[in-house]
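# Coordinate inspection notes
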Amino acid sequence: MMQIQLSPDLKLSRIVQGHWRLADWKLSNQQLLKLTEQAIELGVTSFDHADIYGNYSCESLFGESLSLKPSLRNEIQIISKCGIKLKSDKFPERKLKTYDYSYEHIVDSVENSLKNLKTNYLDLLLLHRPSPFFNAEEVARAFSDLKRRGQVLNFGVSNFNSQQFEMLNSYTVERLVTNQVEVSPYCLDHFENGNLDFFLKERVKPMAWSPLAGGRLLNPQTEKGQKIFKVLVEIADELELQHIDQVIYAWLLKHPVGMLPIIGTSKIERVKTAVDALVIEMSHEQWFRIYEATGVNMP
Amino acid sequence: MMQIQLSPDLKLSRIVQGHWRLADWKLSNQQLLKLTEQAIELGVTSFDHADIYGNYSCESLFGESLSLKPSLRNEIQIISKCGIKLKSDKFPERKLKTYDYSYEHIVDSVENSLKNLKTNYLDLLLLHRPSPFFNAEEVARAFSDLKRRGQVLNFGVSNFNSQQFEMLNSYTVERLVTNQVEVSPYCLDHFENGNLDFFLKERVKPMAWSPLAGGRLLNPQTEKGQKIFKVLVEIADELELQHIDQVIYAWLLKHPVGMLPIIGTSKIERVKTAVDALVIEMSHEQWFRIYEATGVNMP
Amino acid sequence: MMQIQLSPDLKLSRIVQGHWRLADWKLSNQQLLKLTEQAIELGVTSFDHADIYGNYSCESLFGESLSLKPSLRNEIQIISKCGIKLKSDKFPERKLKTYDYSYEHIVDSVENSLKNLKTNYLDLLLLHRPSPFFNAEEVARAFSDLKRRGQVLNFGVSNFNSQQFEMLNSYTVERLVTNQVEVSPYCLDHFENGNLDFFLKERVKPMAWSPLAGGRLLNPQTEKGQKIFKVLVEIADELELQHIDQVIYAWLLKHPVGMLPIIGTSKIERVKTAVDALVIEMSHEQWFRIYEATGVNMP
């Protein structure tokens with residue numbers, strides 16, 4: 001599979017497996033190991049995590065499974081995130097959800113992620129969300145220390161806008177290598193807020209979360225959803241594809257910005273469906289038919 | 001007439017004649033030639049086109065007329081645009097309107113424009129509208145090849161926002177020399193979206209399309225329009241002007257950003273009206289009375 | 001008190017006394033002098049003015065009072081502003097409120113401020129509001145001349161957005177040292193429009209006007225106001241503070257951007273209340289409880 005070079009020492013697979021819902025999959029360690037190995041065989045070598053996924057449980061599940069075959073660690077890239085403090089039964093002292101990018105919280109969070117994932121390094125650490133309270137100097141210091149100790153090899157952000165990205169980039173010694181944002185025909189926010197233009201300008205390749213809009217594109221419940229669905233079905237038919245999720249992936253992959261879609265499935269067939277989308281040749285007009293079906297203005 | 005230097009080798013007349021509606025004017029080649037010569041005599045030497053104007057017919061009409069007196073070519077500057085693919089009886093295979101900034105489309109479109117305009121170069125090529133699907137590397141390559149072959153001397157954009165402009169500028173070897181945007185007392189979008197501030201920062205002089213708001217300023221149909229009209233009439237009176245379009249032109253011309261208004265008229269008297277606006281001295285307070293009449297907030 | 005270095009030759013006190021409503025305070029020259037001396041004793045050495053405050057009267061009131069003890073001038077920093085032309089009985093010829101950043105108006109306005117304040121220099125001059133009609137070259141020329149003559153030592157802006165700030169900064173020889181903007185739990189505009197991110201990126205420390213939202217935070221009249229008030233009271237209780245305005249000041253002062261709150265009170269006890277807020281240690285979670293109480297989305 002095509003790999004995307006995000007920095008001199010970081011290549012991710014173009015399709016990334018997301019473990020957001022790993023806890024819901026109810027896999028045994030052995031089953032998860034098998035899924036991981038099959039994904040790797042298909043070329044999907046990058047795995048996306050966050051400290052908070054599954055109420056702080058998903059990293060551990062993956063770590064337990066990995067520990068059955070430690071040699072896999074060198075074949076994969078692990079991404080995790082920090083910075084959101086959820087209200088949770090695991091932290092009964094918290095009164096509300098906050099974002100915390102203090103030096104201590106970043107470093108503690110990474111050390112915890114490493115313990116859970118049973119690894120001694122993250123290939124990529126992302127700040128999970130922008131915060132109204134953001135001490136960029138502390139963040140830069142935490143990044144430097146984590147890098148120096150070999151605990152994190154590369155750094156990026158998630159859900160940041162262009163001003164937040166530029167701001168943080170002006171403090172950190174190492175350049176931010178990506179921004180993980182929501183993109184799908186259902187969510188065009190980053191087409192509209194200037195982020196895609198910014199990524200092109202900065203030569204930053206974004207990761208795209210929720211490319212299937214959490215299932216809403218495949219099971220549309222609204223008029224807008226049905227309009228998009230109709231076009232997706234038409235184009236699947238024209239391209240002789242069995243799965244409309246392939247049309248969605250092809251739509252994302254064709255975009256010149258070079259997105260890395262994050263899939264999130266426990267079914268290896270659906271991983272394969274996504275991987276097969278890499279060779280689909282969607283026409284320019286087909287791309288715009290999907291774009292127009294979202295209801296955007298085309299002056 | 002004052003000329004505006006947009007690049008080392010491009011000067012446009014401060015007032016630009018627009019051929020958006022040239023097909024509607026129903027002029028013979030001879031009549032159009034006469035109009036063109038009279039405009040040039042008044043100092044209006046720049047002519048604004050696009051491939052798509054008049055359902056892909058206006059460039060040809062101007063080219064036919066120009067061919068009656070080829071020596072005029074050296075006295076004028078021709079601007080054209082590319083990138084919108086209209087649904088049109090001339091392209092029955094198109095299912096919907098799209099924007100196309102592929103290398104092939106840009107180059108083909110320019111070659112077609114040159115053929116229609118019966119010239120071997122454009123003084124200025126503009127990308128007509130920003131696109132959600134934009135391959136800046138291909139655009140930069142197309143610009144370089146068109147420049148090297150002498151087919152296009154200068155490049156710019158139209159209707160871009162500041163992030164799109166900066167992004168493309170980071171790819172092209174030659175700096176973008178202008179951005180053609182809609183500006184009138186009816187359309188203050190570029191006052192509000194930061195583009196005017198950006199033009200000042202970048203020392204880019206914009207071209208202003210639809211300065212009379214397509215006639216809505218002269219024949220107001222809404223309460224807002226009538227409020228603006230009333231102030232325009234008052235100020236025409238104070239300045240002893242016969243035509244309120246002169247008040248509008250003076251309002252645009254007085255702005256420090258240095259706009260080049262695009263007029264679009266088949267009547268040489270109205271070209272003269274616009275040219276005469278160049279010497280009107282509108283007061284600071286008159287400028288703000290028009291601005292305030294648009295209903296904007298003045299905190 | 002902590003002082004904030006805004007430029008190599010400008011330090012302001014972290015808490016700034018604002019004279020917006022000085023005319024309403026109805027103080028004798030002697031009373032105002034006493035208030036000023038008491039504020040200085042508390043470390044509040046910076047005083048914020050504008051030509052237009054109190055219908056063009058506040059600068060004179062302060063100047064009269066200062067002239068009772070001219071030696072105070074060296075102990076304080078005077079900030080004033082220019083650029084708004086109010087409709088006023090003092091200028092009966094004005095038909096409407098405008099913004100004027102012409103060379104002449106800036107220079108005249110400063111000379112008038114100096115005369116009113118009975119001083120021969122301003123420590124800091126701010127452009128009061130952005131203007132849709134802005135000749136940055138003239139502004140830069142005025143700044144240079146005022147600086148060269150020693151009439152103004154430092155320059156900044158007020159209520160500008162990031163694009164306006166960058167634009168002006170690209171013209172002026174001297175860097176703009178601050179941007180005075182409205183910030184309070186009631187007004188989060190600059191959290192949302194990217195300005196706080198921009199300040200962090202540019203290492204610009206903003207001044208915060210109306211930190212108590214003109215009293216609306218202390219005397220809430222709306223449901224939103226009451227929700228914020230409730231949290232402020234809770235936190236005052238937790239921190240054992242007598243005044244909830246201290247909670248608000250602590251909330252502003254804790255933010256990493258390094259804001260300088262402008263208070264505006266004729267009562268020295270309330271100046272002291274603000275100064276005492278400098279040593280309050282508000283927790284991270286308390287900060288977010290106030291932020292969340294404003295009703296913003298926390299995804």
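Criteria and cut-off values
Residues numbered from 1 in each chain as written. Chains lettered and ligands numbered in written order. Predicted model: local features only at pLDDT ≥ 70, side-chain atom pairs only at ≥ 80, totals over all residues. Heavy atoms only, no water. UniProt positions renumbered as here; feature names shortened; annotations may be inferred. 1 Å grid on protein atoms, 1.4 Å probe; cavity = no way out; pocket = protein on both sides within 12 Å on 5 of 7 lines; lining within 4 Å. Points joined across faces, edges and corners; volume = space filled by probe spheres on them. Helix = DSSP H or I, 4+ residues; strand = E, 2+ residues; numbered from the N terminus. Nonpolar A, V, L, I, M, F, W, Y, C, P; charged D, E, K, R; others polar. Core = buried A, V, L, I, M, F, W, Y, C linked by side-chain atoms within 4.5 Å. Buried < 20%, exposed > 50% of the residue type's maximum accessible area, 1.4 Å probe, protein only. Domains from an automatic or database assignment. Contact = heavy atoms within 4.5 Å. Buried area = accessible area lost by both parts, 1.4 Å probe. Salt bridge = Lys/Arg side-chain N within 4 Å of Asp/Glu carboxyl O. Pairing = 2+ DSSP bridges. Axes fitted to C-alpha atoms, helices over the stretch in contact; angles between N-to-C directions. Expected span 1.5 Å × (residues − 1). Least-squares fit on C-alpha atoms with pLDDT ≥ 70 in both. Disulfide = S-S within 2.5 Å. Polar contact = N/O pair within 3.5 Å; in protein donor to acceptor, adjacent residues only side chain to side chain. Phe/Tyr/Trp six-rings, centres within 6.5 Å; stacked < 30°, edge-to-face > 60°. Lys NZ or Arg CZ within 6 Å of the ring centre and 35° of its normal. Arc of directions from axis to C-beta. Right-handed = clockwise from strand over helix to strand, strands pointing away.

As annotated in an unreviewed UniProt entry, chain A carries the name Oxidoreductase and is attributed to Ancylomarina euxinus. UniProt, in its Sequence similarities (unreviewed entry) section for chain A, records the words "Belongs to the aldo/keto reductase family. Aldo/keto reductase 2 subfamily."

### Some points on empty space enclosed by the protein
A probe as big as a water molecule, rolled over the atoms, marks out the empty space that is left. Residues and elements named next belong to chain C. This structure, assessed with the given rule, holds 5 cavities of 30 Å³ or more. By volume, the largest cavity amounts to about 50 Å³. As for the largest cavity, its lining consists of A140, F143, S144, K147, F155, T172, V173 and E174. The element best represented in the lining of the largest cavity is helix α6 (residues 136-148), accounting for 4 residues. Tallied by class, the residues present in the lining of the largest cavity amount to 4 nonpolar, 2 polar and 2 charged.

### Structural notes on the nonpolar core
In this structure, L125(A), L127(A), L125(B), L127(B), L125(C) and L127(C) are the most contacted members of the largest nonpolar core, which totals 290 residues. Residue assignment places this core across two domains, with domain 1 (12-177) and domain 2 (213-299) of chain A each supplying three or more. Those residues within four positions of L127(B) in sequence are excluded, and the remaining contacts are C82(B), Y101(B), F134(B), V139(B), F143(B), G156(B), V157(B), S158(B), F160(B) and L168(B).

### Focus on the interface of chain C and chain B
Contacts between the two partners involve 20 residues from chain C and, on the opposite side, 22 residues from chain B. Summing both sides of the interface, chain C and chain B together bury roughly 2,000 Å²; the carbon and sulfur share of this comes to 58%. Three residues, L96(C), P132(C) and F133(C), lead the burial of chain C against chain B; their summed loss comes to 33% of the area buried on that side. Taken together, the connections running from chain C to chain B amount to 2 salt bridges.

### Comments concerning the sheet that holds strand β12 (residues 260-263) of chain B
Working definition: the strands of a sheet are paired by backbone hydrogen bonds and lie parallel or antiparallel to each other. All names here are of chain B. One closed barrel accounts for 8 strands, arranged β3-β4-β5-β8-β9-β10-β11-β12; its pairing is parallel. Between one strand axis and the next, the sheet turns through 30° on average, direction left out of account. Looking at chain direction, strand β3 (residues 16-18) and strand β4 (residues 46-48) are connected through 3 bridges and run parallel. Within β4, the residue paired with G18 across the bridge is D48.

### Quick look at helix α2 (residues 29-41) of chain B
Residue and element names in this part refer to chain B. The end-to-end C-alpha distance of α2 is 18 Å, a good match for the 18 Å that 13 residues give at a rise of 1.5 Å each. Elements in contact with the buried residues of α2: β3, α1 (22-25), β4, α4 (58-66) and α12 (268-276). Directly after α2, the chain includes G43, whose backbone phi takes a positive value near 100°.

### A closer look at the relation of the copies chain A and chain B
With an RMSD of 0.0 Å, the operation that places chain A on chain B is a rotation of 120° combined with a shift of 0.0 Å along the axis. Considering both components of the superposition, the chain copies are consistent with a three-fold axis. Proximity to the rotation axis, assessed at the C-alpha, singles out Q163(A) in chain A; its C-alpha lies 6.5 Å from the axis.

### As for the state of the cysteines
Residues and elements named next belong to chain A. The final tally for this structure, using the stated rule, is 0 disulfides over all chains. C82 provides the cysteine sulfur closest to C58, a residue in no disulfide bond, and the two sulfurs are 16 Å apart. Exposure remark for C58: the relative accessible area of 0% places this residue in the buried category.

### Observations regarding the domain arrangement of chain A
Residues and elements named next belong to chain A. With domains assigned, chain A is organised as domain 1 (12-177) and domain 2 (213-299). Computed from C-alpha coordinates alone, the two centres of domain 1 and domain 2 are separated by 27 Å. At the interface, 15 residues of domain 1 touch 17 residues of domain 2. Across the interface of domain 1 and domain 2, roughly 1,400 Å² is buried in total on both sides, 70% from carbon and sulfur atoms. Its largest share of buried area at the contact with domain 2, domain 1 owes to R14, I15 and L42, together 48% of the area lost on that side. Where domain 1 packs against domain 2, one counts 0 salt bridges. Connecting domain 1 to domain 2 are 6 residue pairs in polar contact (both at pLDDT 80 or more).

### Describing the interface of chain A and chain B
Think of interface size as the accessible area that goes away when the parts come together; that is how it is often given. Chain A puts 22 residues into the contact, and the matching count from chain B is 20 residues. Note on chain A versus chain B: buried area summed over both sides is about 2,000 Å², and carbon and sulfur give 58% of it. The largest share of the area that chain A buries against chain B comes from H284(A), E285(A) and P299(A), three residues that together contribute 27% of it. At the boundary of chain A with chain B, the tally comes to 2 salt bridges. Its salt-bridge partner being E166(B), residue K201(A) comes within 3.5 Å of it at the nearest N-O pair. Of all the secondary-structure elements, those providing two or more residues to the side of chain A that touches chain B are α9 (195-202) and α13 (284-293) of chain A. Element by element, the count of residues in the side of chain A that touches chain B is highest for α13(A), at 7 residues.

### Here we look at the packing of aromatic side chains
If you walk through the whole model with that rule in mind, you get 48 aromatic pairs over all chains. Taken together, a centroid distance of 5.4 Å and an interplanar angle of 75° make the contact between F165(A) and F198(A) edge-to-face. Within this pair, whereas F165(A) is found in helix α7 (residues 162-169), its partner F198(A) is found in helix α9, the two being separated by 33 residues in sequence. Judged by its relative accessible area of 1%, F165(A) is buried. Aromatic side chains F191(A) and W287(A) sit 6.3 Å apart centroid to centroid with 45° between the ring planes, which places their arrangement in the tilted category. In this pair, F191(A) is assigned in helix α8 (residues 189-192) and W287(A) in helix α13, connecting sequence segments 96 residues apart. For F191(A), a relative accessible area of 14% gives the class buried. In textbook terms, an aromatic cluster arises when at least three aromatic residues are bridged by ring pairs, as seen for Y99(A), F133(A), F191(C), W251(C), W287(C), F288(C) and Y291(C). Here the guanidinium or amino end of R73(A) rests over the ring plane of Y121(A), the centre of that ring lying 3.8 Å away.

### Brief notes about helix α10 (residues 223-238) of chain A
For an α-helix, 3.6 residues make a turn, and residues three or four places apart therefore share a direction. Residue and element names in this part refer to chain A. Counted at 1.5 Å a residue, the expected span for α10 with its 16 residues is 22 Å, and the 23 Å between its end C-alpha atoms agrees. Listing the buried residues of α10 in full gives G225, I228, V231, L232, I235 and A236. Viewed along the axis of α10, the buried residues span an arc of 140°, placing them on a single side of the element. With respect to the buried face of α10, the exposed residues turned more than 90 degrees away are E223, K230 and D237. Packing partners of the buried residues in α10 comprise α11 (244-254) and α13.

### A closer look at the side chain of Q246(C)
Its place among the elements puts Q246(C) in helix α11 (residues 244-254). The contacts of Q246(C), once residues within four sequence positions are left out, are L241(C), T273(C), D276(C), A277(C) and I280(C).

### Section: the pairing of strand β9 (residues 155-158) of chain A
Residue and element names in this part refer to chain A. Here β9 shows no split at all, with F155 and V157 on one side and G156 and S158 on the other all buried. As for the winding sense of the linkage, the β-α-β connection from strand β8 (residues 124-127) through helix α6 (residues 136-148) to β9 is right-handed. Of the crossover connections in this fold, the one passing from β9 over α7 to the parallel strand β10 (residues 179-182) is right-handed.

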